[in-house]
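Summary of structural features
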Amino acid sequence: NAGVMQNPRHLVRRRGQEARLRCSPVKGHSHVYWYRQLPEEGLKFMVYLQKENIIDESGMPKERFSAEFPKEGPSILRIQQVVRGDSAAYFCASSADPYGYTFGSGTRLTVV
Amino acid sequence: KNEVEQSPQNLTAQEGEFITINCSYSVGISALHWLQQHPGGGIVSLFMLSSGKKKHGRLIATINIQEKHSSLHITASHPRDSAVYICAADRGTGNQFYFGTGTSLTVIP
């Protein structure tokens with residue numbers, strides 16, 4: 001199956017630890033998007049990346065959050081010094097151009 | 001006011017009923033997407049529309065660009081259709097969607 005693969009599916013972190021979320025896009029897709037879904041809320045855009053470039057990070061919190069999409073390997077969303085408010089589902093989507101999105105199954109982050 | 005508004009927020013239907021979920025948007029778009037999210041599950045893209053109507057099995061999506069309105073219809077609904085349906089406006093700039101807050105559908109046997 002050539003879908004978007006996100007791992008882990010579930011991630012538990014203690015406050016202050018780092019969380020790393022991985023997204024492997026559909027083969028051949030060079031556009032990756034990260035979205036966050038807070039409990040009882042809708043999806044919110046976080047960041048749009050193309051290979052080795054951040055195109056738009058207007059939805060990313062200014063501190064503790066970073067994203068990359070290296071030339072080789074998956075896209076990584078990194079959250080440093082996690083807090084309880086970071087608990088959410090994080091979804092990744094990919095596309096070959098700015099259309100035809102495929103979503104991943106998400107990573108559910110729980111901060112305890 | 002949100003750029004994308006969906007209605008209803010919650011919907012309960014009897015198996016077999018015809019279901020309509022509405023989406024209105026206020027921004028310029030290149031396409032509108034309908035997404036499905038099962039409880040605890042991932043997100044599936046159902047349709048991408050830029051005009052007219054699309055059909056896939058028991059699902060039909062329509063869009064009226066002039067009125068900035070789209071509808072998702074489910075014919076002969078089934079309990080497995082129970083999910084959250086999300087409307088997403090694609091600005092066409094490649095960088096983000098505006099998402100509706102979703103319609104939670106429950107189909108009762």
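Quick caveat: nothing in here was measured; it's all calculated off a predicted structure.

Rules and cut-offs
- Residues numbered from 1 in each chain as written.
- Chains lettered and ligands numbered in written order.
- Predicted model: local features only at pLDDT ≥ 70, side-chain atom pairs only at ≥ 80, totals over all residues.
- Heavy atoms only, no water.
- Contact = heavy atoms within 4.5 Å.
- Buried area = accessible area lost by both parts, 1.4 Å probe.
- Salt bridge = Lys/Arg side-chain N within 4 Å of Asp/Glu carboxyl O.
- Polar contact = N/O pair within 3.5 Å; in protein donor to acceptor, adjacent residues only side chain to side chain.
- Helix = DSSP H or I, 4+ residues; strand = E, 2+ residues; numbered from the N terminus.
- Nonpolar A, V, L, I, M, F, W, Y, C, P; charged D, E, K, R; others polar.
- Buried < 20%, exposed > 50% of the residue type's maximum accessible area, 1.4 Å probe, protein only.
- Disulfide = S-S within 2.5 Å.
- Phe/Tyr/Trp six-rings, centres within 6.5 Å; stacked < 30°, edge-to-face > 60°.

Taken together, the 18 residues of chain B in the interface contact 18 residues of chain A. The contact between chain B and chain A buries some 1,600 Å² in all, and 58% of this surface belongs to carbon and sulfur atoms. Across the chain B-chain A interface, the total number found is zero salt bridges. Here chain B is connected to chain A by one residue pair in polar contact (both at pLDDT 80 or more). When residues of the side of chain B that touches chain A are traced back to their parent elements, those giving at least two are strand 4 (31–37), strand 5 (43–49), strand 9 (83–90) and strand 10 (97–99) of chain B. For the side of chain B that touches chain A, the per-class residue count stands at six nonpolar, eleven polar and one charged.

Once that is clear, we can look at the pattern of salt bridges. All names here are of chain A. Inspection of the entire model under this criterion finds four salt bridges over all chains. The salt bridge involving Arg-20 is made with Glu-18; its shortest N-O contact spans 2.9 Å. Overall, Arg-20 belongs to the partly exposed group, its relative accessible area being 37%. Note on Glu-18: relative accessible area 28%, which makes it partly exposed. Between Glu-18 and Arg-78 there is a salt bridge, with the nearest N and O atoms lying 2.8 Å from each other. Residue Glu-18 is found in the loop between strand 2 (10–13) and strand 3 (19–24), and its partner Arg-78 is found in strand 8 (residues 75–79); the two are separated by 60 residues along the sequence. The exposure class of Arg-78 is partly exposed, given its relative accessible area of 27%. The structure contains a network of salt bridges with shared partners spanning Glu-18, Arg-20 and Arg-78.

Right, let's get into the state of the cysteines. All told, the structure shown has two disulfides over all chains when counted by the stated rule. Between the sulfur atoms of Cys23(A) and its disulfide partner Cys92(A) the distance amounts to 1.8 Å. Of note, the bridge from Cys23(A) to Cys92(A) carries an S-S torsion of about -55 degrees and is left-handed in sense. In this pair, Cys23(A) is assigned in strand 3 and Cys92(A) in strand 9 (residues 88–95), connecting sequence segments 69 residues apart. Relative accessible area serves as the criterion here: at 0%, Cys23(A) is assigned to the buried category. Overall, Cys92(A) belongs to the buried group, its relative accessible area being 0%. For Cys23(B), the disulfide goes to Cys87(B), at an S-S distance of 1.8 Å. The sign of the S-S torsion, about -55 degrees, decides the handedness of the disulfide formed by Cys23(B) and Cys87(B): left-handed.

Any two aromatic rings considered together are summarised by their centre-to-centre distance and by the angle between their planes. All told, the structure shown has four aromatic pairs over all chains when counted by the stated rule. Pairing Tyr35(A) with Phe103(A) gives two aromatic rings, centres 5.8 Å apart and planes at 35 degrees, and the pair type is tilted. One end of the pair, Tyr35(A), is in strand 4 (residues 31–37); the other, Phe103(A), is in strand 10 (residues 102–103), and 68 residues separate them in sequence. On the basis of relative accessible area, Tyr35(A) is assigned to the buried category, the value being 0%. We classify Phe103(A) as buried; its relative accessible area is 8%. Ring geometry for Tyr35(A) and Phe99(B): centres 5.1 Å apart, planes at 90 degrees, overall edge-to-face. In this pair, Tyr35(A) is assigned in strand 4 and Phe99(B) in strand 10, connecting two distinct chains. A relative accessible area of 11% places Phe99(B) in the buried class. Chaining the aromatic ring pairs together yields one cluster made of Tyr35(A), Phe45(A), Phe103(A) and Phe99(B).

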